[in-house]
Amino acid sequence: MFPEERKNRIKQMVLENRSVTVLSLVKIFNVSEETIRRDLKRLQEENIIKKTYGVATLSNELANINVPTIRIRKFKEQREKKAIAEEAIKLLHNYKYILLDAGSTTECIAKELKKINYTENISILTNGINVAEECSKISYANVYLLGGELQKRTLSIVGSQVVREIKSYNIDVAVIGVTGISNGGFYSSDINEIEVKETMVSVAKKVVVVADHTKFGKRGLKPFCSFENVDYIVTSDLLDNSTLKNIKANYKTKIIIAQMASNVKTQ
């Protein structure tokens, strides 16, 4: 096992169990205590764990964060997410290689994509089990589910394997969901998904962030990119005007506003 894979596995174990002992990790991975302590030191530097007397526990910051399951998230702001998806797919019309992030809003986008009249087949890559299932219903799409470790709560595939795969593909556009948008950054509260989102942003020629109005002014655990990295934000007219004006005044990112009742406008 590569050191990075071992570190990610330890991270997953701490997230699931809230704590692990050094001795148990030595037995599980069949490596020295020194090696394990080195891995734990790196995780502590990333603010994922805190170490005390041979035990690694989840950091206070992570312990206080609760990431809802995908089944809960998909029923929140459902009508708004559908409106956002209907506008987001209009940005994808001319792209052949599309990367869809895991999430409830991107699942809505997958449902709407079948409405686009493509003249040739497209390729859709995703790390979301639910997203891939919806994409499988699109007759003109070749669908690729990225490989790695499944997070059952979010139905997302994460880990170093996903990151390597994303880097190997030629991506025209990436559509990414967020936990929050604040202080010029786009946040995620899922420690396992942050690196995946960072990689998606880094490889795509165009980046589209989809976010309902509740995500603005909200922070997560860590930003995965800034406004300078994002070409479009697609949200709805439920976003308050002061926030919209602030973004327009300070950033070049284009904002697509989905009208909940009528047309669409671009800011």
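Notes on the structure in this doc start here. Counting restarts for each chain, with residues numbered from 1 along the sequence as it is written. Residues qualify for local features only when their pLDDT is at least 70, as the model is predicted, and side-chain atom pairs are given and counted only at 80 or more; totals for whole chains, interfaces and linings, by contrast, use all residues. For side-chain calculations, the full set of non-hydrogen atoms in the structure is used, while hydrogens and water are omitted.

1. Some details on the overall build of the chain
For step 1, the next point in the chain: A run of H or I in DSSP becomes a helix once it reaches four residues, and a run of E becomes a strand once it reaches two; helices and strands are each numbered from the N terminus. Secondary structure assignment for the chain yields 11 helices and 16 strands.
For step 2, the next point in the chain: A globule of 267 residues ought to have a C-alpha radius of gyration of about 18 Å, and the chain, at 19 Å, matches this closely.
For step 3, the next point in the chain: Under the scheme applied here, a residue whose accessible area is under 20% of the maximum for its type counts as buried, over 50% as exposed, and between as partly exposed, the area being computed with a 1.4 Å probe on protein chains only. Taken over 267 residues, the chain has a buried fraction of 51%.
For step 4, the next point in the chain: Every residue pair with non-hydrogen atoms within 4.5 Å of one another is taken to be in contact. Counting contacts in the chain only where the partners sit at least 6 residues apart, residues at least 24 apart contribute 64% of the total.
For step 5, the next point in the chain: Surface accessibility in these figures is a Shrake-Rupley result with a 1.4 Å probe; residues are shielded only by whichever protein chains are displayed. Surface summary for the chain: the accessible area is close to 13100 Å², and the carbon and sulfur share equals 47%.
For step 6, the next point in the chain: Only four residue types enter the tally: Lys and Arg on the positive side, Asp and Glu on the negative side; His and the chain ends are excluded. Lys charges are placed at NZ, Arg charges at CZ, Asp charges at CG and Glu charges at CD. Where the 41 positive side-chain charges of the chain centre and where its 31 negative ones centre are 2 Å apart. For a compact globule the rule gives 2.2 Å times the number of residues to the power 0.38, and the radius of gyration it is set against comes from C-alpha atoms.

2. Points about the side chain of Ser 123
For step 1, the next point in the chain: Looking at where Ser 123 falls in the secondary structure, it is placed in strand β5 (residues 122-126).
For step 2, the next point in the chain: The class for Ser 123 is buried, based on a relative accessible area of 8%.
For step 3, the next point in the chain: With near-sequence residues (within four places) excluded, Ser 123 lies in contact with Lys 96, Tyr 97, Ile 98, Asn 142 and Tyr 144.

3. Examining the nonpolar core
For step 1, the next point in the chain: The term nonpolar core refers to a set of buried residues drawn from Ala, Val, Leu, Ile, Met, Phe, Trp, Tyr and Cys, joined through side-chain atoms within 4.5 Å. Ile 10, Leu 25, Ile 36, Leu 40, Leu 99, Phe 186 and Phe 224 are the most contacted members of the largest nonpolar core, which totals 49 residues.
For step 2, the next point in the chain: For this core, the element with the highest residue contribution is helix α10 (residues 191-203), accounting for five residues.
For step 3, the next point in the chain: Discounting chain neighbours no more than four positions away, the residues touching Leu 25 are Ile 10, Met 13, Val 20, Asn 30, Ile 36 and Leu 40.
For step 4, the next point in the chain: Counting 26 residues, the second largest nonpolar core, distinct from the first, contains Ala 85, Ile 89, Leu 113 and Val 175.

4. Let's talk about the sheet that holds strand β13 (residues 222-226)
For step 1, the next point in the chain: The pairing criterion for strands is at least two bridges between them, as found by DSSP. Taking strand neighbours across the sheet as the criterion, the three strands line up as β10-β11-β13 in an open arrangement whose pairing is antiparallel. Two strands bound the open sheet, and with one partner strand each, they are β10 (180-182) and β13. Each neighbouring strand pair of the sheet contributes to a mean axis angle of 35°, computed without reference to strand direction.
For step 2, the next point in the chain: As paired strands, β10 and strand β11 (residues 185-188) are joined by three bridges and run antiparallel to one another. Residue pairing in the sheet places Ile 181 in a bridge with Phe 186 of β11.
For step 3, the next point in the chain: Lines fitted to C-alpha atoms define the axes here, with helix axes fitted over just the stretch in contact, and angles between the N-to-C directions of these axes take values from 0 to 180 degrees. Strands β11 and β13 of the sheet are contacted by α10, whose axis makes an angle of about 5° with β13.

5. Some details on the packing of aromatic side chains
A ring pair, where both rings are aromatic, is described by two values, the distance of the centres and the angle of the planes.
For step 1, the next point in the chain: Aromatic rings from Phe, Tyr and Trp, with only the six-membered ring used for Trp, were paired whenever their centres fell within 6.5 Å, and each pair was classed as stacked if the ring planes differed by under 30 degrees, edge-to-face if by over 60, and tilted otherwise. Enumeration over the complete set of coordinates arrives at two aromatic pairs.
For step 2, the next point in the chain: Taking 4.7 Å as the distance between ring centres and 40° as the angle between the ring planes, the aromatic pair formed by Phe 186 and Phe 227 counts as tilted. A residue pair is termed long-range when its members are at least 10 positions apart, and Phe 186 in strand β11 and Phe 227 in the loop between β13 and β14 (232-236) qualify at 41 residues. Of the two residues examined, Phe 186 and Phe 227, each falls in the buried class.
For step 3, the next point in the chain: Look at Phe 227 and Tyr 251: their rings are 4.1 Å apart centre to centre, the planes differ by 15°, and that puts the pair in the stacked class. Within this pair, whereas Phe 227 is found in the loop between β13 and β14, its partner Tyr 251 is found in the loop between α11 (241-250) and β15 (254-258), the two being separated by 24 residues in sequence.
For step 4, the next point in the chain: A relative accessible area of 4% means that Phe 227 is categorised as buried.
For step 5, the next point in the chain: Grouping aromatic residues by their ring pairs yields a cluster made of Phe 186, Phe 227 and Tyr 251.

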